Amino acid sequence: MKKTLQVEGPWREALRMFARNPSAIAGMLMLGLMLLVSLGGPWLMGADPFEIRAAPMTPPFSEDALLGTDYLGRDVLTTLIYGGRTTLLVGAVAAFLSVSIGITLGAIAGYYGGRVDAVLMRVTEFFQVLPALLFAMVVVTLFSPTLLTITLAIGVVSWTGTARLTRAEFLKYRSLEFVRAERAIGASHARIIWQVILPNALPPLIVSATLAIGSAILFEAGLAFLGLGDPNQMSWGLMIGSSRQYVLTCWWAVAFPGAAIFVTVLAVSLIGDGLNDALNPKLRER
């Protein structure tokens, strides 16, 4: 009786390689913990992050405030938990918007080539040479600093890298035999772009999307630090920005949200590196 040889699929193999990466698993655990605390904490606490809870600048590990209070007397632990929900939401949505714009423009440019490619790449270069932070500041200032405008501004200014990566992948795949076979049987351009080439180009784009989340979180923190955060929504960046003048006398109001941003971005970076190692065939063979 002959034994059937089972060939492991590329996605299953990538998942197995990712699960064997200690740093990637550590990143998943850290990010999972941040998500659990940020999403579940407000539901359990039921407190208002803007409420005055104790005397201003109460030090950490006091009876009235576990992580102390800021210069207004707001509980740092409460603001940290509520701020995580806003920061992670902005990071995820802004990264999704950025990757969606980048993939769409890069796919069209790489697939059609010629004048379409030239025009879209000139547009990409225009956005690429603009100072991203300055451009986002102008957009947020013009349309008022709300959570929506901040998210849109981050997504609009940070898509160029994904667009160039997508274009390179489509230029590589568009002349291969399986793509020409689809054209020969009369497949539409939309089908070839989104159902034939894009699934094969996904691995590096998934890594790019993961890293974009960390960049968006840092971007939001930078805008809030400069006073362009949404004053009605607590976030880690807003915590740091509002307390920056008291960093020497109330260091904990800046240090704890800064540490939360560091841990979250580190976790996302570890996951991105793990995905890169798992999805890159050349690195997988090492």
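Coordinates for the structure precede this section.
It should be emphasised that the depicted structure is a prediction, and the values quoted were computed from it without experimental measurement.

Colleague: Looking at this structure, how should I read the overall build of the chain?
Modeller: Along its length, the chain carries 12 helices and zero strands. What you see in the chain, going N to C, is helices and strands ordered as α-α-α-α-α-α-α-α-α-α-α-α. Expressed as lengths along the three principal axes of its C-alpha atoms, the size of the chain is roughly 75 × 60 × 30 Å. Taking the contacts inside the chain whose residues are at least 6 apart along the sequence as the reference set, 72% of them involve residues at least 24 apart. Accessible area of the chain: about 15,400 Å², with a carbon and sulfur share of 66%. Across the chain, the mean location of the 21 positive side-chain charges is 15 Å away from that of the 18 negative side-chain charges.

Colleague: Hey, could you run me through the packing of aromatic side chains in this one?
Modeller: How two aromatic rings sit relative to each other is set out by the distance from centre to centre and by the angle between their planes. For the structure shown, the criterion picks out eight aromatic pairs. An angle of 65 degrees between the planes, with centres 6.3 Å apart, marks the rings of tyrosine 173 and phenylalanine 178 as edge-to-face. Overall, the relative accessible area of 15% leaves tyrosine 173 in the buried class. On the basis of an interplanar angle of 40 degrees and a centroid distance of 6.3 Å, the ring pair of tryptophan 251 and phenylalanine 256 is categorised as tilted. One aromatic cluster in this structure is built from Phe126, Phe127, Phe135 and Trp159. A cation over a ring is seen here: arginine 244 above phenylalanine 225, with NZ or CZ 5.4 Å from the ring centre.

Colleague: Just checking my understanding: could you explain the pattern of salt bridges for this structure?
Modeller: Opposite charge on two side chains permits pairing when their charged atoms draw close. If you walk through the whole model with that rule in mind, you get six salt bridges. With a shortest N-O distance of 2.9 Å, arginine 122 and glutamate 125 are connected by a salt bridge. Of this pair, arginine 122 and glutamate 125 are both found in helix H4 (residues 114-129), three residues apart, which corresponds to roughly one turn of the helix. Judged by its relative accessible area of 30%, glutamate 125 is partly exposed. Residues arginine 164 and glutamate 125 are paired through a salt bridge, measuring 3.5 Å at the closest nitrogen-oxygen approach. With arginine 164 in helix H7 (residues 160-173) and glutamate 125 in helix H4, this pair connects stretches of sequence that are 39 residues apart. The exposure class assigned to arginine 164 is partly exposed, which follows from its relative accessible area of 31%. Salt bridges here are not isolated pairs; linked through shared partners, they connect Arg122, Glu125 and Arg164.

Cut-offs and rules
- Residues numbered from 1 in each chain as written.
- Predicted model: local features only at pLDDT ≥ 70, side-chain atom pairs only at ≥ 80, totals over all residues.
- Heavy atoms only, no water.
- Helix = DSSP H or I, 4+ residues; strand = E, 2+ residues; numbered from the N terminus.
- Contact = heavy atoms within 4.5 Å.
- Areas by Shrake-Rupley, 256 points an atom, 1.4 Å probe, with all protein chains shown as cover.
- Lys, Arg positive; Asp, Glu negative; His and termini not counted.
- Charge placed at Lys NZ, Arg CZ, Asp CG, Glu CD.
- Phe/Tyr/Trp six-rings, centres within 6.5 Å; stacked < 30°, edge-to-face > 60°.
- Buried < 20%, exposed > 50% of the residue type's maximum accessible area, 1.4 Å probe, protein only.
- Lys NZ or Arg CZ within 6 Å of the ring centre and 35° of its normal.
- Salt bridge = Lys/Arg side-chain N within 4 Å of Asp/Glu carboxyl O.

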